[in-house]
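Next come the chains, spelled out residue by residue.
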Amino acid sequence: MLGIIDYGMGNLFSVSKALERLGVPYFISDDKQKLMEADALILPGVGAFKDAMSCLNDTGLSAMIHSYVESGRPLLGICLGMQLLFEESEEHGLTKGLSLLPGKVVRFPGITANEETYKVPHMGWNLLSFQKNGPLTEKVQDGYAYFVHSYYAQTEEDVIIAKSIYDKEVPAVVGKDNVYGMQFHPEKSSKLGMHLLNNFTQLIKKG
């Protein structure tokens, strides 16, 4: 069964409804022991990086997540949940993340190299361009996903599964070993998003 981590800052309703549409059994919990028994975990997130890390650290969920990843089972971070997977973020002052993936989370500057301004946050539909094949991208083609974020990850090329462009190159789907992340909201991204989410749930069976 799939577990959704409840640490007070996730959009639990939309993620859980998406899993219901896929027919995937799940539970929502902040209980570390129960979450450790899940076949896969989803770390959702809406809000500020610093506040989210405080919640995870204060509750001991950060340590639980590290133990879970070390067990080899799949973990998926969504939106802010993906950003938390990286080493640090500059949002509201430099804050250390979970350090499960290499890289730093930085703010869109809101001005191009040609000194033209653009809107921040990055909000709306944008094209995903897939860079590599793997279990998460099985039978998935380039298409549009729904983004809402003011910060993006700067990471190593071999971690990036799919990219999007919003002035800067945005790692939209990332992955290393059993740790995955999606910067957009798959549950709000029509067939493409649901297909990616379903592929993640299939890792339980393949694992």
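What comes next is a walk through the structure. The structure displayed is predicted, hence computed values, not measured ones.

The next point concerns the sheet that holds strand β6 (residues 95–96). Taken in spatial order, the four strands of this open sheet run β6-β5-β7-β10, and their pairing is mixed. In this open sheet, the two strands that pair with only one neighbour each are β6 and β10 (151–154). The sheet contact formed by strand β5 (residues 88–89) and β6 spans two bridges and is antiparallel. What sits directly across from Glu 88, in β6, is Lys 96.

Glancing now at the sheet that holds strand β8 (residues 122–130). Within the open sheet, the nine strands sit side by side as β2-β1-β3-β4-β13-β12-β11-β8-β9. Their pairing is mixed. Each edge of the open sheet carries a strand with a single partner, namely β2 (26–29) and β9 (143–149). Neighbouring strand axes in the sheet, compared pairwise and without regard to direction, differ in orientation by 30° on average. Pairing of strand β1 (residues 2–5) with strand β3 (residues 40–43), which is carried by three bridges, proceeds in the parallel orientation. By the bridge assignment for β3, Gly 3 is matched with Leu 41. Sheet strands in contact with helix α1 (residues 12–22) are β1, β2, β3 and β4 (75–78), and its direction is about 170° off that of β1.

What follows covers the environment of His 66. Mapped onto the secondary structure, His 66 falls in helix α4 (residues 61–70). Considered as a pair, His 66 and Gly 93 are 27 residues apart in the sequence and their alpha carbons are 24 Å apart. If we ignore the near neighbours within four places in the chain, the residues touching His 66 are Leu 98 and Leu 100. At 3.0 Å, the side chain of His 66 and the backbone oxygen of Ser 62 are in polar contact.

Another aspect to go through is α4. When α4 is considered as a whole, its buried residues turn out to be Leu 61, Ser 62, Met 64, Ile 65, Tyr 68 and Val 69. Each buried residue of α4 sits inside an arc of 160° when the element is viewed along its axis, so together they form one side. Looking at the buried side of α4, the elements it contacts are β1, α2 (32–36), β3, α3 (49–59), β4 and β13 (179–182). Among the residues trailing α4, Gly 72 stands out with phi positive, at a value near 95°.

Criteria and cut-off values
Residues numbered from 1 in each chain as written. Predicted model: local features only at pLDDT ≥ 70, side-chain atom pairs only at ≥ 80, totals over all residues. Heavy atoms only, no water. Pairing = 2+ DSSP bridges. Helix = DSSP H or I, 4+ residues; strand = E, 2+ residues; numbered from the N terminus. Axes fitted to C-alpha atoms, helices over the stretch in contact; angles between N-to-C directions. Contact = heavy atoms within 4.5 Å. Polar contact = N/O pair within 3.5 Å; in protein donor to acceptor, adjacent residues only side chain to side chain. Buried < 20%, exposed > 50% of the residue type's maximum accessible area, 1.4 Å probe, protein only. Arc of directions from axis to C-beta.

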